[in-house]
Amino acid sequence: MKILSIDVDYAFSPDITKYDDYVKGSSISTKVEWEKLRQLGFHKPRVNQKKLNDLLSVFDSVVGNSKEVFFIKDHHQIVDRLQSISKKKFDIINFDHHHDIFYPDWHSLDFLDEGNWVGWMDKLGLISRYTWYRNQDSENLEKSVSLSCEYYEKNYEGEALSGFEYIFICSSPNWIHEDNIYVLNRFKERLPDGKVCL
């Protein structure tokens, strides 16, 4: 079963790279996160319009043939949703500033979070193939981290994508700042009636 996952933090490169290593993530509230980041001298990122347009173009090209679109706050919320959809293995295409497999210096694999949901699903045998569409300034996958499923990394070059049964749009407010959540409306306004699941 083919899944398209879009984390809108993809569209905040290159600004996101300035503070990315200082983000704690969903373990703290977005408000506390950005108070701490401001104290360190960081400001909310600006959207990269070209990258946002790329995401919207991909979305527009596939949403009509999908069964449902889910909007989630933190990326690890995708795990429960996928497990409730099917017991089959998933072929996941993920547009994201982060690979979300596992970052050894940032967190543990003992607890599911937004930075290890792919590794978590792989350990459960739920992924047949994982393709990460990354930014050029995304952090590379560490050599000590691996997956048992097929794994590919790509830079998006405008290629046609198709065949997705379900689509997930993730807002990741701890990475993009709650003032930038408005970008989700750009996806919602393109939805055919009856496709959305919030």
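Definitions and limits used
- Residues numbered from 1 in each chain as written.
- Predicted model: local features only at pLDDT ≥ 70, side-chain atom pairs only at ≥ 80, totals over all residues.
- Heavy atoms only, no water.
- Helix = DSSP H or I, 4+ residues; strand = E, 2+ residues; numbered from the N terminus.
- Rg over C-alpha atoms; globule rule 2.2 N^0.38 Å.
- Buried < 20%, exposed > 50% of the residue type's maximum accessible area, 1.4 Å probe, protein only.
- Arc of directions from axis to C-beta.
- Contact = heavy atoms within 4.5 Å.
- Core = buried A, V, L, I, M, F, W, Y, C linked by side-chain atoms within 4.5 Å.
- Salt bridge = Lys/Arg side-chain N within 4 Å of Asp/Glu carboxyl O.

Q: Sorry if this is basic, but what is going on with the overall build of the protein here?
A: Within the protein one finds seven helices and seven strands. Of the regular secondary structure in the protein, the N- to C-terminal order runs β-α-α-α-β-α-β-α-β-β-β-α-α-β. In terms of overall size, the protein behaves like a compact globule, its C-alpha atoms giving a radius of gyration of 16 Å where 198 residues would be expected to give roughly 16 Å. The principal-axis extents of the C-alpha atoms in the protein amount to approximately 45 × 40 × 30 Å. Every one of the 198 residues in the protein was classed for burial, and the buried ones make up 52%.

Q: Honestly, helix α4 (residues 78–85) in this entry has me stumped. Any pointers?
A: Residues separated by three or four positions in an α-helix point in the same direction, a consequence of the helix having 3.6 residues per turn. Buried residues of α4: I78, V79 and L82, and no others. Taken around the axis of α4, the buried residues stretch over an arc of 100°, which confines them to a single face. Exposed residues pointing more than 90 degrees away from the buried face of α4 are listed as D80 and S84. Where the residues of α4 are buried, they touch β1 (2–7), β2 (68–72), β3 (90–95), α5 (117–123) and β6 (166–170).

Q: I keep staring at the nonpolar core and nothing clicks. Help me out?
A: Soluble, globular proteins show a tendency: their nonpolar side chains are buried together. Formed by 35 residues in total, the largest nonpolar core has its most connected members in L4, F59, F95, I169 and F187. At six residues, helix α3 (residues 49–62) tops the list of elements feeding residues into this core. Apart from the residues within four sequence positions on either side, F187 is in contact with I6, V8, L52, L55, L56, F59, F71 and I169. With 24 residues, the next largest nonpolar core counts F70, I101, V118 and W132 among its residues.

Q: Please explain helix α2 (residues 30–39) as it appears in this structure.
A: Taken residue by residue, α2 has T30, E33, W34 and L37 as its buried positions. Along the axis of α2, the buried residues cluster in a sector spanning 85°; they form a single face. Residues of α2 that are exposed and angled more than 90 degrees away from the buried face: K31 and Q39. Where the residues of α2 are buried, they touch α1 (15–19) and α6 (173–176). G41 lies just past α2 and shows a positive phi near 95°.

Q: Whenever I open this one, the pattern of salt bridges confuses me. Can you help?
A: A full pass over the atoms with the stated rule returns 10 salt bridges. The salt bridge partner of K18 is D15, with a shortest N-O separation of 3.5 Å. Of the two residues, K18 and D15 both sit in helix α1, three residues apart, roughly one turn of that helix. Connected through salt bridges with shared partners, the residues D60, R186, E189 and R190 form a single ionic network.

Q: Can you help me understand unusual backbone geometry in this one?
A: Glycine aside, a negative phi is what most residues show, and trans is what most peptide bonds show. Residues S13 and P14 are joined by a peptide bond in cis, for which omega reads 10°. By the secondary structure assignment, P14 is in the loop between β1 and α1. Of note, D100 is a non-glycine position whose phi angle comes to about 65°, a positive value. Here D100 is to be found in the loop between β3 and α5.

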